[in-house]
Amino acid sequence: MPTVSRRTIAAMARPLLWSAAIAILLSATLVVVTARTFWLADLATFAWPLLVLPAVVVFLSAILARRPALFAVSATGLGIALLPSFALPTAPPATGQPGLRVITANLFVENERTPAEFIAFLRRENPDVVVLQEIREHWQEALVQSGLLPYQSSGDILSRDRMKVFSKLPILSEMPLVPHFGGEKVHKRPVRLVLDNGGRPLVLYAIHPETPRRPWKWRDRNNYLALTAQAAHGDLPSSDVIVAGDWNTPLWSPFFADFLRSSGLQAAIVDLLPTMTRFSLKVADLLGIHAGSQIDHVAVSPGISVGGWRAGPDYGSNHLPVIVDLALPQ
């Protein structure tokens, strides 16, 4: 039986590598250039790791192929694919012991499990502040009865777009933002809370904008984030600021970067490797994996550093909770 030489295999594979390298370069460039303008281009950022992974594979293959032109094209494509992550302003790592643990979790309004698993998770993690989205009345009652965190935001969760904050720090004030930005009405309202940290005021924004499944919801989400950024920027001179919630915006969307730049805040992350926090329940049930995107975030004002970031366990939602340890300035 005739054998195929290594050189023949390389010659056959080279056109495939070229096709893949060019496709990655064009796709990455198209999305990076147009995502601020076109809804579908921005939606592609929800699946951005699915572009970065093949870009890495093609780049490494180009190195092994020893073709300078192929190497240049694949390296450019990989660089453009990585640009949305590495361009983000990120909070510095904590040098001392973090003193504030923040958990944000979307409970999923159709969650069929009881609150017991989630409450047990909170007991183990012992957070200082918990920011919840899509909370239902019986979950709110169970969390109140648990007595884990003595202070809470308004019990009228419908007026807060089913968001809820529990805290060990006293809540001094709570106010939804006026739902208008750039002359347009914003469908949902971010909630601004002031927490008593015993010194410099600590302002917390609980957020949960629209899921951008339709062009109008995409525009509404973008206006919601811009409204929150504007308000948070105004708090910086006098307060420490934390923004936490389900942003319905991946790290790789230009609107996440725009939020950080216009607000003056920094992403509270430890590394730029993607961790899926929003996933498909159908895929999870079928394959046992959390396949999705990273859309649950915490952002902080300069001076706040990050001691840890991790995703928590499954509790019946289509989101995983995010646990962030923060060190506030002294």
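As shown above, the structure is provided for reference.
Residues numbered from 1 in each chain as written. Predicted model: local features only at pLDDT ≥ 70, side-chain atom pairs only at ≥ 80, totals over all residues. Heavy atoms only, no water.

> Is there a simple way to think about the nonpolar core in this case?
Most often, soluble globular proteins have nonpolar side chains that are buried together. Counting 69 residues, the largest nonpolar core has L100, I242, V243, F259 and L326 as the members making the most contacts within it. When near neighbours in sequence (up to four residues on either side) are disregarded, I242 contacts L100, V102, L202, V203, L204, Y205, V298, A299, V300, I304 and L326. In this structure, F118, I119, V130 and I323 belong to the second largest nonpolar core, which totals 17 residues. (Core = buried A, V, L, I, M, F, W, Y, C linked by side-chain atoms within 4.5 Å. Buried < 20%, exposed > 50% of the residue type's maximum accessible area, 1.4 Å probe, protein only. Contact = heavy atoms within 4.5 Å.)

> It is not clear to me how the sheet that holds strand β5 (residues 171-176) should be interpreted in this structure. Could you clarify?
Sheet strands pair via backbone hydrogen bonds, and the direction of the pair is either parallel or antiparallel. Pairing is mixed across the open sheet formed by 6 strands, whose spatial order is β5-β8-β9-β10-β14-β11. On the outer flanks of this sheet lie β5 and β11 (266-267), each paired with one strand and no other. The strands touched by helix α7 (residues 215-235) are β8 (191-195), β9 (202-207) and β10 (240-246); relative to β9, the strand with the most contacts, the crossing angle is about 175°. (Pairing = 2+ DSSP bridges. Helix = DSSP H or I, 4+ residues; strand = E, 2+ residues; numbered from the N terminus. Axes fitted to C-alpha atoms, helices over the stretch in contact; angles between N-to-C directions.)

> Teacher, can you tell me more about the packing of helix α3 (residues 49-65) against helix α4 (residues 68-86) here?
When two helices pack together, their arrangement is given by the angle between their axes and by how far apart the axes lie. Following both chains from N to C, one finds α3 and α4 inclined at 155°, their axes separated by 9 Å at the closest point. The orientation of α3 relative to α4 falls into the category roughly antiparallel. For the element pair α3 and α4, the recorded crossing hand is left-handed. Across the interface between the two elements, L51, V52, A55, V56, V58, F59, A62, I63 and A65 of α3 pack against L70, F71, S74, A75, L78, A81 and L82 of α4. Of the residues assigned to the contact of α3 with α4, the class counts are 15 nonpolar, 1 polar and no charged. (Parallel < 35°, antiparallel > 145°, perpendicular 65-115°, else oblique. Left-handed = near helix turned anticlockwise from the far one by under 90°. Nonpolar A, V, L, I, M, F, W, Y, C, P; charged D, E, K, R; others polar.)

> Sorry if this is basic, but what is going on with the sheet that holds strand β4 (residues 164-167) here?
Strand order in the open sheet formed by 6 strands is β3-β4-β2-β1-β16-β15, and the pairing between neighbours is mixed. Because the sheet does not close on itself, it has two edges, and the strands there are β3 (151-152) and β15 (305-311). By the bridge criterion, 5 bridges tie strand β1 (residues 100-106) to strand β16 (residues 322-327) in an arrangement that is antiparallel. Within β16, the residue paired with I103 across the bridge is I323. Of the strands in this sheet, β2 (129-133), β3 and β4 touch helix α6 (residues 137-146), which is tilted by about 5° from β4.

> Looking at this structure, how should I read the pattern of salt bridges?
Where side chains of opposite charge bring their charged atoms close, a pairing between them can arise. Summed over all chains, the structure comprises 12 salt bridges. With its nearest N and O atoms 2.5 Å apart, the salt bridge here joins E125 to R310. Placement of the pair is E125 in helix α5 (residues 116-125) and R310 in strand β15, with a sequence separation of 185 residues. Ionic contacts of the salt-bridge type, sharing partners, join the residues R101, E125, R310 and D325 into one network. (Salt bridge = Lys/Arg side-chain N within 4 Å of Asp/Glu carboxyl O.)

> I tried to follow the environment of H180 on my own but got confused; where do I start?
With respect to the helices, strands and loops of the structure, H180 is situated in strand β6 (residues 180-181). Using a relative accessible area of 45% as the deciding quantity, one classes H180 as partly exposed. C-alpha separation for the pair H180 and P215, spaced 35 residues apart in sequence, amounts to 18 Å. Contact partners of H180, with chain neighbours within four places excluded, come to K185, V186 and L227.

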